[in-house]
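Listed below, chain by chain, are the residues.
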Amino acid sequence: QVQPVESGGGLVQAGGSLRLSCAASGSIYSIDAMGWYRQAPGKQREFIARITSGGITNYADSMEGRFTISRDNAKNTVTVFLQINSLKPEDTAVYYCKAEWGPFRSWGQGTQVTVSS
């Protein structure tokens, strides 16, 4: 089992930046990839970016440019970050982290990002 836990959300003004973190616990050495998603009120959850254990990244077409995914390769830890620059009010959403290992998936509880205009 792998359990991701997100942090780093908050209230920011438009134009600002945030860095979200996702720390994985449990069977971290079995993790194949981790990804970030978001869900705005009244909308479906949407994919932002994903990074594999080997460091390969991919982004949703609409997210390239302002969003950057990265990971901490420190020993005995798996932490994935999402840097968001030039925040816009439409970025307001709950941001979720997903861990993938084999055929399994698990989600964190999410962290709220609110962007004021």
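Residues numbered from 1 in each chain as written. Predicted model: local features only at pLDDT ≥ 70, side-chain atom pairs only at ≥ 80, totals over all residues. Heavy atoms only, no water.

A. Geometry of the packing of aromatic side chains. Considering all chains together, one arrives at 4 aromatic pairs under this definition. Ring plane angle 85 degrees and centroid distance 6.4 Å describe the contact between Tyr96 and Trp107, whose orientation is recorded as edge-to-face. One end of the pair, Tyr96, is in strand 9 (residues 93-101); the other, Trp107, is in strand 10 (residues 104-107), with 11 residues separating them in the sequence. Residue class for Tyr96 comes out buried when judged on its relative accessible area of 14%. Sitting above the plane of the Tyr96 ring, Arg45 keeps its charged end 3.7 Å from the centroid. Stacked on the ring of Trp107, the Lys or Arg Arg45 has its end atom at 4.5 Å from the ring centre. (Phe/Tyr/Trp six-rings, centres within 6.5 Å; stacked < 30°, edge-to-face > 60°. Helix = DSSP H or I, 4+ residues; strand = E, 2+ residues; numbered from the N terminus. Buried < 20%, exposed > 50% of the residue type's maximum accessible area, 1.4 Å probe, protein only. Lys NZ or Arg CZ within 6 Å of the ring centre and 35° of its normal.)

B. Spotlight on the pattern of salt bridges. Tallied over the entire structure, the rule returns 4 salt bridges. Where Glu46 meets Arg38, a salt bridge forms, and the shortest distance between an N and an O atom there is 2.7 Å. Taking relative accessible area as the criterion, Glu46 reaches 33% and is therefore assigned partly exposed. Its relative accessible area of 10% is what places Arg38 among the buried residues. A salt bridge links Arg50 to Glu100, with the shortest nitrogen-to-oxygen separation between them at 2.9 Å. Taken together, the residues span a long stretch of sequence, with Arg50 in strand 5 (residues 46-52) and Glu100 in strand 9 at a distance of 50 residues. Connected via shared salt-bridge partners are Arg38, Glu46, Arg66 and Asp91. (Salt bridge = Lys/Arg side-chain N within 4 Å of Asp/Glu carboxyl O.)

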